[in-house]
Amino acid sequence: PGLGGPAGGAEEGVVRPAGAPGDEEEDAGGWEVDDVLSSIALVQSWIPQGAQPRLALQSHLYSILRDRSSIDAHVESLRREGRLRLLHLHVPGLAFALCPTPEYIAALRAAAVAPTAAPTLAAAAALLESWVERTGASSLTQELLLAGDAARRLPPVPSTSLEALVRAGFLSPRRDRAKAEAAYWVTLPQLGALHKWIMDSRAHMLAALKRTRCREMLETQLAKRKLPSPLGFRFHVREAEGAGVIQRERTPAGVFVRLPKKT
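Predicted model, so just to flag it, every value in this text is computed and none were measured.

Participant: Any chance you could explain the overall build of the chain here in plain terms?
Facilitator: The secondary structure content of the chain amounts to eleven helices and nine strands. Here the chain holds 263 residues, and 51% of them are scored as buried. When the accessible surface of the chain is totalled, it reaches about 12,600 Å², and 54% of it is carbon and sulfur.

Given below as structure tokens:
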């Protein structure tokens, strides 16, 4: 079957970047850190009030929880159950951002009634909501969207609605597929900005560490350097740790951030 076929699965698996595990006790607080959804909520709490998008990456989970195999299995289980959306970030190595399904639907509904919304968006958003509620697929073929699937109560999405959803940022045409096999990523507005902020903040932290004699510094010192992102220092330092871009180590003198040792 094509993308979003009867199995309802994502075409691509969950990314598993390399990197040292984080220090659970430091940030766990009252959260149940073995619960992926609670960990996502913890990451969201690190984002300053009003900043968007409020998403977590798979790499964040790797900086909070230790057992990566269990994380991957739990994320996949939540996707299959329809409780979690995996949103593609268009860049190798980042793969998916994570969004609880109710939050995705809330964003879709809010966009549909916004004063600046196109007249065709409300109907298009209602159709996409039906798909989001019934399939966890991260990518859907145009053929399947246009035809619908009566057996799974998936309504046809006409081309005018597809265009409205693309313009609003809830679908993104896949550039890695031939025109005859057209498909869309299920996405959210501002994912492009999220990608830029992550990559720029990683580069900013790496440059700061490379300028030090030992290629390391106290996290409190690194936190004083303004990152090119509104999502906050903790969001980015823990994402970079989980992705293996940097390493964090708690010592009696405080938490040190350093470049990974060369192998």
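Participant: What should I look at first to understand helix α2 (residues 36-46) in this one?
Facilitator: An α-helix turns once per 3.6 residues; consequently, residues spaced three or four apart project the same way. Burial runs high along α2: eight of the eleven residues are buried. Those residues of α2 that sit buried are Val36, Ser38, Ser39, Ile40, Leu42, Val43, Gln44 and Trp46. Where α2 begins, the side chain of Asp35 points an oxygen toward the backbone nitrogen of Leu37, at a separation of 2.9 Å.

Participant: Sorry, what's going on with the sheet that holds strand β1 (residues 56-57) here?
Facilitator: As a general point, the strands of a sheet are linked pairwise by backbone hydrogen bonds and lie either parallel or antiparallel. Here three strands make up an open sheet; going across it, the order is β1-β3-β2 and the pairing antiparallel. Looking at the sheet topology across the chains shown, the edges are occupied by β1 and β2 (84-88).

Participant: Hey, could you run me through the sheet that holds strand β5 (residues 171-173) in this one?
Facilitator: One open sheet holds the three strands; their spatial order is β4-β6-β5, and the pairing between them is antiparallel. Two strands bound the open sheet, and with one partner strand each, they are β4 (139-141) and β5. Across the sheet, the mean angle from the axis of one strand to that of its neighbour is 35°, orientation sign disregarded. With three bridges connecting them, β5 and strand β6 (residues 183-186) associate as antiparallel partners. Bridge pairing in β6 places Ser172 opposite Trp185. Contacts from helix α8 (residues 159-168) reach β5 and β6, with the element oriented near 95° to β5.

Participant: Any chance you could explain the pattern of salt bridges here in plain terms?
Facilitator: Oppositely charged side chains can pair when the atoms bearing their charge come close. If you walk through the whole model with that rule in mind, you get 14 salt bridges. Linking Glu81 and Arg83 is a salt bridge whose minimum nitrogen-to-oxygen distance equals 3.3 Å. Here Arg238 and Glu241 are joined by a salt bridge, their closest N and O atoms 3.1 Å apart. With Arg238 and Glu241 both in helix α11 (residues 233-242) and three residues apart, this pair spans about one turn of that helix. The class of Glu241 is buried, set by a relative accessible area of 1%. Linked by salt bridges that have partners in common, Glu219, Arg238, Glu241 and Arg248 make up one network.

Participant: Help me understand the packing of helix α6 (residues 121-134) against α8 in this model?
Facilitator: Two quantities define a packed helix pair, namely the angle between the helix axes and the distance between the axes. Where α6 contacts α8, the axes come no closer than 9 Å and their chain directions differ by 95°. Here α6 is positioned roughly perpendicular relative to α8, judged by the angle of their axes. Side by side, α6 and α8 meet where Leu121, Ala124, Ala125, Leu127 and Leu128 of the first sit next to Ser161, Ala164, Leu165 and Ala168 of the second. For the contact of α6 with α8, the residue count by class is eight nonpolar, one polar and no charged.

Participant: Explanation requested: the layout of surface pockets in the structure shown.
Facilitator: Any empty space left between the atoms is revealed when a probe the size of a water molecule rolls over them. Considered as a void within the structure, the largest pocket measures approximately 270 Å³ in volume. Gln52, Pro53, Arg54, Ala107 and Leu188 are, among the 13 residues lining the largest pocket, the residues nearest its centre. In terms of residue count, helix α5 (residues 101-113) provides more of the lining of the largest pocket than any other element does, four residues in total. Residues that form the lining of the largest pocket fall into these classes: nine nonpolar, two polar and two charged.

Participant: Just to check I follow, could you spell out the nonpolar core for this structure?
Facilitator: The nonpolar side chains of soluble globular proteins are, as a tendency, buried together. Within the largest apolar cluster, 61 residues are counted, with the highest numbers of intra-cluster contacts made by Tyr104, Leu128 and Leu194. Examining the composition of this core, we find that seven residues originate from one element, α6, more than from any other.

Participant: Teacher, can you tell me more about α11 here?
Facilitator: Along α11, nine of the ten residues are buried, which leaves the element largely enclosed by surrounding structure. Listed in full, the buried residues belonging to α11 are Phe233, Phe235, His236, Val237, Arg238, Glu239, Ala240, Glu241 and Gly242.

Participant: Explanation requested: unusual backbone geometry in the structure shown.
Facilitator: For residues that are not glycine, phi is negative in most cases, and the peptide bond is trans in most cases. A cis geometry characterises the amide bond from Gln52 onward to Pro53, with omega recorded as 0°. With respect to the helices and strands, the residue Pro53 is situated in the loop between α2 and β1. In this structure, Arg153 takes a positive phi of about 55° despite not being glycine. With respect to the secondary-structure elements, Arg153 resides in the loop between α7 (142-147) and α8. By relative accessible area, which is 60% here, Arg153 ends up exposed. The residue Gln190 is not glycine, and still its phi comes out positive at about 75°. The topology assignment puts Gln190 in the loop between β6 and α9 (191-210). Owing to a relative accessible area of 40%, Gln190 belongs among the partly exposed residues under this scheme.

Thresholds, definitions, all that
- Residues numbered from 1 in each chain as written.
- Predicted model: local features only at pLDDT ≥ 70, side-chain atom pairs only at ≥ 80, totals over all residues.
- Heavy atoms only, no water.
- Helix = DSSP H or I, 4+ residues; strand = E, 2+ residues; numbered from the N terminus.
- Buried < 20%, exposed > 50% of the residue type's maximum accessible area, 1.4 Å probe, protein only.
- Areas by Shrake-Rupley, 256 points an atom, 1.4 Å probe, with all protein chains shown as cover.
- Polar contact = N/O pair within 3.5 Å; in protein donor to acceptor, adjacent residues only side chain to side chain.
- Pairing = 2+ DSSP bridges.
- Axes fitted to C-alpha atoms, helices over the stretch in contact; angles between N-to-C directions.
- Contact = heavy atoms within 4.5 Å.
- Salt bridge = Lys/Arg side-chain N within 4 Å of Asp/Glu carboxyl O.
- Parallel < 35°, antiparallel > 145°, perpendicular 65-115°, else oblique.
- Nonpolar A, V, L, I, M, F, W, Y, C, P; charged D, E, K, R; others polar.
- 1 Å grid on protein atoms, 1.4 Å probe; cavity = no way out; pocket = protein on both sides within 12 Å on 5 of 7 lines; lining within 4 Å.
- Points joined across faces, edges and corners; volume = space filled by probe spheres on them.
- Core = buried A, V, L, I, M, F, W, Y, C linked by side-chain atoms within 4.5 Å.

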